[in-house]
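Residue strings, one per chain:
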Amino acid sequence: MDAGLAMRRRTAAVAVLLTLTACTTGPSLETRGEVTAPPGDSRHLTIGSAGFTESDLLAQLYAQLLNQAGYQTSLITVANRELYEPALESGQIDVVPEYAATFADWLNARTNGADAPPVGSPDLAATMKALRRLTTPRGLTVLDPGRAVDQNAFAVTAAYARRHHLRTLSDLGASGLKVRLAAGDECVQRPYCEPGLKKVYGIDITGVDPKGVGTTQAKLAVQHGQDQMVLTTTTDATLDRFGLVLLADDRHLQNADYVVPVVNRSRAGSERVTKALGRLNDVLTTADLAAMNQQVDSWRRLPQDVARTYLRDRGLLK
């Protein structure tokens, strides 16, 4: 989930944390010693969402699992990471769903400067190690990732894939087909987009059609044959509507953007919180996230209802 590619489809925030802009920039000099304090276990926990469908769903999943574990929870939406991350450090927000590689690179740039070499990579273990190294001094704990991952992905029409026997991006590279790619205009420079497709897969990209990442216009351009491939995400729930299928990233070009809960250690770093949220790890998959996104975006179901049904169907909620 390369932040520069703006692959998140954000919706309007349903709440505003007004105090953030005035008073939170992370632990103050007076509270910096709390960074190494023992894990806390506050009875009331505030769950943060970044304001797009998937983040809302994950926040609801977290809240309902924590409620069942005996916590009182409230939810708040703050769409800007520059605001909600300091609020997480200060304890105004206690838990947020994040994406391992993207969050690691964002924190790395904030800590070491915009020109710092990226620390997120396709290697999940290395990415998690780097992320935890960056979060620990800030009083944050990153819980273990599960199976769900939301990262850049590339789709073609199902008919195009059948006609050229394509299942993977390697297949497309080996085919020698010329490909016009519908994506964001940053794609021409991003290592996980056009340059990576050429270098890692040998795909003959003839041009980038700047219609955005996973937008309706981009998908229609591929559906109608103006472009051959579109940049989207692995949890895109609308591909079927446009007759599109993903090509597998079989050489692991994309970063390890696995879903991870991040908690304020002094308020939500207890084993009880870890155990409650860890119950998702064995069941929640990328396909599950895509299906839930579809129910909210296409079927107009409420995120809390979708989350509740999912947890009950998986035996995680009574």
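See the structure printed just above.
Before going into details, it helps to say that this report is about the structure given with it.

A few words on the nonpolar core. Ranked by size, the top nonpolar core spans 54 residues in total, and within it Leu61, Leu131, Leu280 and Leu284 carry the most contacts. Among all residues touching Leu280, those that are not within four sequence positions of it are Leu61, Tyr62, Leu65, Tyr310, Leu311 and Leu316. Of all hydrophobic cores here, the second largest spans 24 residues; its members include Val156, Ala161, Cys187 and Val208.

Strands in a sheet are paired, the pairing made by backbone hydrogen bonds, and the direction either parallel or antiparallel. Strands sit in the order 7-6-8-5-9 across an open sheet of five strands; the sheet is mixed. With partners counted over all chains shown, the strands left at the sheet margins are strand 7 (204–210) and strand 9 (244–247), one partner each. Sheet twist, expressed as the average angle between the axes of neighbouring strands with direction ignored, equals 40°. As paired elements, strand 6 (residues 178–183) and strand 8 (residues 229–233) share two bridges and run parallel to each other. Across the sheet, residue Ala182 finds its bridge partner in strand 8, namely Val230. Where helix 8 (residues 194–201) meets the sheet, it contacts strand 5 (152–157), strand 6, strand 7 and strand 8, and its direction lies at approximately 165° from that of strand 7. The strands that helix 9 (residues 216–223) touches are strand 5, strand 6, strand 7, strand 8 and strand 9; relative to strand 8, the one it contacts most, it runs at about 145°.

Further remarks concern the packing of helix 12 (residues 286–297) against helix 13 (residues 303–313). Direction vectors running N to C along helix 12 and helix 13 enclose 140°, while the axes themselves pass 9 Å from each other. The orientation of helix 12 relative to helix 13 falls into the category oblique. The two elements helix 12 and helix 13 cross, and the hand of that crossing is right-handed. Contacts between helix 12 and helix 13 pair Asp288, Met292, Gln295 and Val296 from the former with Pro303, Val306 and Tyr310 from the latter. Each residue belonging to the contact of helix 12 with helix 13 can be placed in one class, and the counts come to five nonpolar, one polar and one charged.

Residues other than glycine seldom take positive phi values, yet His252 does so here, at roughly 55°. Relative to the helices and strands, His252 is located in the loop between strand 9 and strand 10 (259–264). We classify His252 as exposed; its relative accessible area is 57%. Within the chain, Arg300 stands out as a residue other than glycine whose phi angle is a positive 60°. Looking at where Arg300 falls in the secondary structure, it is placed in the loop between helix 12 and helix 13. Since its relative accessible area comes to 64%, Arg300 is described here as exposed.

This brings us to the state of the cysteines. As used here, a disulfide is simply a covalent bond connecting the sulfur atoms of two cysteines. Scanning the model with the defined rule gives one disulfide in all. In this model Cys187 forms its disulfide with Cys193; the gap between the sulfur atoms is 1.9 Å. Handedness here is read from the sign of the S-S torsion; for Cys187 and Cys193, about -85°, the answer is left-handed. The same class applies to Cys187 as to Cys193, namely buried.

Now for the packing of aromatic side chains. One pass over the structure, following the stated rule, counts two aromatic pairs. Geometrically, the ring pair formed by Phe52 and Tyr99 is stacked, given 6.5 Å between the ring centres and 25° between the ring planes. Placement of the pair is Phe52 in the loop between strand 1 (44–49) and helix 2 (53–68) and Tyr99 in strand 3 (residues 95–99), with a sequence separation of 47 residues. Each member of the pair, Phe52 as well as Tyr99, is classed as buried. Measuring from centroid to centroid gives 6.3 Å for Phe103 and Trp106, while their planes differ by 15°, and the two rings are stacked. One end of the pair is Phe103 and the other is Trp106, both in helix 4 (residues 100–112) and three residues apart, which spans about a single turn. Taken individually, Phe103 and Trp106 each receive the classification buried, so the pair is uniform in this respect.

The rules behind the values
Throughout, a residue's number is its position along its own chain's written sequence, starting from 1. For a predicted model such as this one, the threshold for reporting local features is a pLDDT of at least 70, and the threshold for listing and counting side-chain atom pairs is 80 or more; totals across whole chains, interfaces and linings nevertheless cover every residue. Working from all heavy atoms in the structure, the side-chain values ignore hydrogens and water. We define a nonpolar core as any set of buried Ala, Val, Leu, Ile, Met, Phe, Trp, Tyr and Cys residues linked to one another through side-chain atoms lying within 4.5 Å. Relative accessible area decides the class of each residue, using a 1.4 Å probe on protein chains only: under 20% of the type maximum gives buried, over 50% gives exposed, and in between gives partly exposed. In what follows, residue pairs with any heavy atoms lying within 4.5 Å of each other are defined as contacts. A pair of strands counts as paired when DSSP detects no fewer than two bridges linking them. Per the convention used, a helix needs a DSSP run of H or I reaching at least four residues, while a strand needs a run of E reaching at least two, with both numbered from the N terminus. Fitted lines through C-alpha atoms give the axes, limited to the stretch in contact for helices. The angle between two N-to-C directions lies from 0 to 180 degrees. Roughly parallel refers to an angle under 35 degrees, roughly antiparallel to one over 145, roughly perpendicular to one between 65 and 115, and oblique to any angle outside these ranges. Two helices that cross are described as forming a left-handed crossing if the nearer one is turned anticlockwise from the farther one by less than a right angle, and a right-handed crossing if clockwise. Each residue is assigned to one class: nonpolar for Ala, Val, Leu, Ile, Met, Phe, Trp, Tyr, Cys and Pro, charged for Asp, Glu, Lys and Arg, and polar for all the others, Gly among them. We call a pair of cysteine sulfur atoms a disulfide whenever their separation is within 2.5 Å. Working definition: a ring pair exists when centres of Phe, Tyr or Trp rings (six-membered ring for Trp) sit within 6.5 Å. Plane angles under 30 degrees give stacked, over 60 give edge-to-face, the rest tilted.

Interpretation note: all reported values are geometric properties and have no functional meaning in isolation.
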